[in-house]
Amino acid sequence: MRRFEDPAALQAWARDVRARGETIGFVPTMGYLHAGHLSLMRIARPRCDHLVVSIFVNPLQFAPTDDLGRYPRDEAGDAAKCTAEGVDVLFFPTPATMYPPGFQTHLTVGPLAAPLCGTSRAGHFEGVVTVVLKLFNLVQPTVAVFGEKDYQQLAVIRRMVRDFNLAVEVASGPTVREADGLAMSSRNAYLDPEQRTQALSLHRALDEAEQAVAAGTDPATLIARTRAILREQSPAEIDYVDLLDATELTPVTALDRPVVLAVAVHFGGTRLIDNRVLRP
Ligand code: AMP
């Protein structure tokens, strides 16, 4: 496995690969890799000649009150996992090389980025699409794979790719969960044992919602019931519980089409998200 820190060196490598007519698959991450990240690498691996994984904790997508400073890191462990997955190139840029002095150009985002995490994390999606566009220009992937765990992020990135006519196929992988249902996340490392148990309410609430939809519930009841299940974990502070059109991410008044139930909850200082697409 080759390792690049310098964006220009990585870009030169990618240019040579593409000039030879070979394909590049790409999985961007913030590191502290878990089975969810590895599942995306396994989706990308057979679809490309060269698999690139980036590890970059992107300061642009963190608000001052977010967890940038304490985001978990494990460079050596991540490199070993990438080697085991047959990754060809690990790209490890630094904030100083991605955003050198004078950097000043940012993408803006539209209505898809407005609800959910766009409301509670101002500037987050601008930071995400700006770094993803930079990474795409450096890595020059033919296919890039993202997780459905970050449902809104996936929608916003797909939109950006269409809006800018980027020659990248965006593929996605389903959310990988722990045996007890908790969605894997690098942030799970923050949870103490009690919070780890409380966090199971996310998965439980989504399971119950799926059953309620099958039984013919309505949106208001569904949201109220989901909030009640999450609140049973008394210290859990709900950021949002929202039911939106699965494609447009707009509010729904009836369960007459595919919808996404998206939740974000604080367990102590740790904010976790999860979602479920529900098809009435
Ligand atoms: P992150 O390192 O959290 O920025 O995530 C990097 C990529 O992995 C994103 O496309 C995420 O959506 C995806 N991802 C994170 N957690 C999971 C999971 N539990 N299952 C599948 N994909 C995931």
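Residues numbered from 1 in each chain as written. Predicted model: local features only at pLDDT ≥ 70, side-chain atom pairs only at ≥ 80, totals over all residues. Heavy atoms only, no water.

**Notes on the site of the ligand**
Around the ligand, the surrounding shell holds 17 residues, and the nearest of these are H37, G147, D150, V176 and M184. Between an oxygen atom of the ligand and a main-chain N or O atom of G147, the distance comes to 2.8 Å. Every element with two or more residues in the shell around the ligand is listed here: β2 (24-29), α2 (35-44) and β5 (143-147). Ranked by residues supplied to the shell around the ligand, first place goes to α2 with three residues. A class-by-class count of the residues in the shell around the ligand yields eight nonpolar, seven polar and two charged. (Near = heavy atom within 4 Å. Polar contact = N/O pair within 3.5 Å; in protein donor to acceptor, adjacent residues only side chain to side chain. Helix = DSSP H or I, 4+ residues; strand = E, 2+ residues; numbered from the N terminus. Nonpolar A, V, L, I, M, F, W, Y, C, P; charged D, E, K, R; others polar.)

**Regarding the domain arrangement of the protein chain**
Per the domain assignment, the segments of the protein chain are domain 1 (2-173) and domain 2 (186-275). Using C-alpha coordinates to define each centre, domain 1 is positioned 26 Å away from domain 2. In this assembly, domain 1 packs against domain 2 so that about 1700 Å² is buried in total across both faces, 56% of it on carbon and sulfur atoms. Our enumeration of links across domain 1 and domain 2 arrives at one salt bridge. The partner of R187 in a salt bridge is D67, with the nearest N and O atoms 2.7 Å apart. Viewed at the interface, domain 2 and domain 1 are joined by ten residue pairs in polar contact (both at pLDDT 80 or more). Within the residue set of the side of domain 1 that touches domain 2, elements represented by two or more residues are α5 (117-120) and α7 (151-163). (Domains from an automatic or database assignment. Buried area = accessible area lost by both parts, 1.4 Å probe. Salt bridge = Lys/Arg side-chain N within 4 Å of Asp/Glu carboxyl O.)

**Section: helix α9 (residues 200-214)**
Over its 15 residues, α9 extends 22 Å from the first C-alpha to the last, a length consistent with the 21 Å expected when each residue adds 1.5 Å. Taken together, the buried positions of α9 are occupied by S201, L202, H203, A205, L206, A209 and V213. Elements that come into contact with the buried residues of α9 comprise α8 (193-198), α10 (219-231), β8 (259-267) and β9 (270-278). (Expected span 1.5 Å × (residues − 1). Buried < 20%, exposed > 50% of the residue type's maximum accessible area, 1.4 Å probe, protein only. Contact = heavy atoms within 4.5 Å.)

**Considering the pairing of β2**
In terms of residue burial, β2 counts as a mostly covered element, since six of its six residues are buried. What you see with β2 is no split at all: I24, F26 and P28 on one side and G25, V27 and T29 on the other are buried throughout. Both β2 and strand β3 (residues 50-55) contribute to a ladder of six bridges, which runs parallel. Looking at the pairing, I24 lines up with H50 of β3. Each parallel crossover has a hand, and for β2 linked through α2 to β3 it is right-handed. Note that β2 and β5 share two bridges and pair parallel. When the bridges of β5 are listed, F26 appears paired with A144. (Pairing = 2+ DSSP bridges. Right-handed = clockwise from strand over helix to strand, strands pointing away.)

**Concerning the environment of L107**
Looking at the element boundaries, L107 is found in the loop between α4 (95-98) and α5. According to the relative accessible area criterion, L107 is buried, its value standing at 17%. Separated by 23 residues in the primary sequence, L107 and T130 place their C-alpha atoms 5.5 Å from one another. Those residues in contact with L107 that sit more than four places away from it in its chain are E126, V129, T130, L133, M160 and F164.

**Observations concerning the nonpolar core**
Formed by 48 residues in total, the largest nonpolar core has its most connected members in L10, W13, V52, F91, V132, F136 and F146. Residue assignment for this core shows that the elements contributing at least two residues are α1 (7-19), β2, β4 (89-91), α6 (124-139), β5, α7, β7 (237-245) and β8. At ten residues, α6 tops the list of elements feeding residues into this core. Domain assignment of the residues forming this core places at least three in each of domain 1 (2-173) and domain 2 (186-275). When residues no more than four places from it in sequence are discounted, the contact partners of W13 are R2, F4, I24, H50, V52 and V89. In this structure, L206, L243, V265 and L278 belong to the second largest nonpolar core, which totals 24 residues. (Core = buried A, V, L, I, M, F, W, Y, C linked by side-chain atoms within 4.5 Å.)

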